[in-house]
Amino acid sequence: MGVQNILVIGAGQMGSGIAQVCAAAGYSVTLQDLKQEQLDRGLGIITKNLSRTVDKGRMTEEEKQAVLDRIQPTLDIEAARGADLVIEAAIEQMNIKKQIFAQLDELAPAHAILATNTSSLPITEIAAVTKRPEQVIGMHFMNPVPVMKLVEIIRGLATTDEVYQTIEDITKNIGKTPVEVNDFPGFISNRILLPMINEAIYALYEGVATKEAIDDVMKLGMNHPMGPLTLADFIGLDTCLYIMEVLHEGLGDSKYRPCPLLRKYVSAGWLGKKSGRGFYVYE
């Protein structure tokens, strides 16, 4: 199944990163968002990332420009009509993803594969709103996309072997390492990572140690590059809460119950680095 034209839905941090790595691998990329300022910000991030690569001597100015020339921004989801592959990287809410996939199913050519970058939501449920569930698949990239090598590839119940193989090949083409995962809440990455973060929040909530001590133990004792509370701030506490709720509801086990302190911070609008305050305060 030949893929040349890729449409990325959502120009946020994940979407812009996905667009960058696909364009750098030679694919023609359309980057779509509902807001012009979001598109501008996404293209700005891509340009900054590529400029940094040029400064390090890993890319020439001409190569950088060639990558940028392969990315076309648009506000119109009708761009799906020319896509061989769509990668959706919109907000992590099931109702929104279902709306998008229903639209994409109507617009995209019959041969097009519809992929979602969801970090925790069931692929089978998203696929069910389309008339092509066999061509729907999960491609969960890690953040920041240009740096992190892993892509979790998640089959829905109906996903064909041919579609899986195509996505695995594309993942390798863009310089990433594909790992096949079954369609369970949180897949592998967030099923393990988020309960660890949630447990760290419980340790803070229960007064076991200070936030600095908890982070230091995991950095210095377990060799993690950053502590779980700092990482939660970078992910976004609202995102952490949402994924924990998906795990709790989807797996039905009390061990996935979100910590009350996490709920309280999200209710207060303390969402982490993006809001200026989470477990730590950011300028």
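Residues numbered from 1 in each chain as written. Predicted model: local features only at pLDDT ≥ 70, side-chain atom pairs only at ≥ 80, totals over all residues. Heavy atoms only, no water.

**Considerations on the packing of helix α7 (residues 189-205) against helix α8 (residues 211-221)**
- Between α7 and α8, whose axes approach to 9 Å, the crossing angle comes to 140°. Relative to α8, the element α7 lies oblique. Of the two elements, α7 crosses α8, and the hand of that crossing is right-handed. Together, Met196, Ala200, Ala203 and Leu204 of α7 and Lys211, Ile214 and Met218 of α8 make up the contact between the two elements.
- The class makeup of the residues in the contact of α7 with α8 is six nonpolar, no polar and one charged. (Axes fitted to C-alpha atoms, helices over the stretch in contact; angles between N-to-C directions. Helix = DSSP H or I, 4+ residues; strand = E, 2+ residues; numbered from the N terminus. Parallel < 35°, antiparallel > 145°, perpendicular 65-115°, else oblique. Left-handed = near helix turned anticlockwise from the far one by under 90°. Contact = heavy atoms within 4.5 Å. Nonpolar A, V, L, I, M, F, W, Y, C, P; charged D, E, K, R; others polar.)

**Comments concerning the packing of aromatic side chains**
- Under the counting rule described, the total for this entry stands at four aromatic pairs.
- Residues Tyr202 and Tyr205 carry aromatic rings whose centres are separated by 6.3 Å and whose planes lie at 65° to one another, so their mutual orientation is edge-to-face. Residue Tyr202 and its partner Tyr205 are located together in helix α7, separated by three residues, close to a single helical turn.
- The exposure class of Tyr202 is buried, given its relative accessible area of 11%.
- Three or more aromatic residues link up through ring pairs in this structure, and these residues are Tyr265, Trp270 and Phe279.
- Positioned above the aromatic ring of Tyr164, the side-chain terminus of Arg155 is 4.5 Å from the ring centre.
- When the ring centre of Trp270 is taken as origin, the NZ or CZ atom of Arg277, which lies over that ring, is 3.8 Å away. (Phe/Tyr/Trp six-rings, centres within 6.5 Å; stacked < 30°, edge-to-face > 60°. Buried < 20%, exposed > 50% of the residue type's maximum accessible area, 1.4 Å probe, protein only. Lys NZ or Arg CZ within 6 Å of the ring centre and 35° of its normal.)

**Overview of a positive patch on the surface**
- Judged by side-chain charge, Lys48, Arg52, Lys56 and Arg58 come together as a positively charged surface patch.
- The class for Lys56 is exposed, based on a relative accessible area of 52%. (Patch = residues over 30% accessible without salt bridge, like charges linked within 9 Å, V, L, I, M, F, W, Y side chains within 5 Å. Areas by Shrake-Rupley, 256 points an atom, 1.4 Å probe, with all protein chains shown as cover. Salt bridge = Lys/Arg side-chain N within 4 Å of Asp/Glu carboxyl O. Lys, Arg positive; Asp, Glu negative; His and termini not counted. Charge placed at Lys NZ, Arg CZ, Asp CG, Glu CD.)

**Re unusual backbone geometry**
- Of note, the bond from Asn143 into Pro144 is cis; its omega dihedral lies within 30 degrees of zero at 0°.
- In this structure, Pro144 sits in the loop between β6 (136-141) and β7 (150-155).
- The backbone phi angle of Phe187 is positive, close to 55°, even though this residue is not glycine.
- Tracing the backbone through its elements, the reader meets Phe187 in the loop between β8 (177-181) and α7.
- Its relative accessible area of 2% is what places Phe187 among the buried residues.
- In this structure, Asn223 takes a positive phi of about 65° despite not being glycine.

**Description of the UniProt feature "domain: 3-hydroxyacyl-CoA dehydrogenase C-terminal" (unreviewed entry) in the protein**
- The UniProt record annotates "domain: 3-hydroxyacyl-CoA dehydrogenase C-terminal" (unreviewed entry) at residues 186-282.
- End C-alpha atoms of residues 186-282 are separated by 28 Å, and the span's content is 61% helix alongside 0% strand. (UniProt positions renumbered as here; feature names shortened; annotations may be inferred.)

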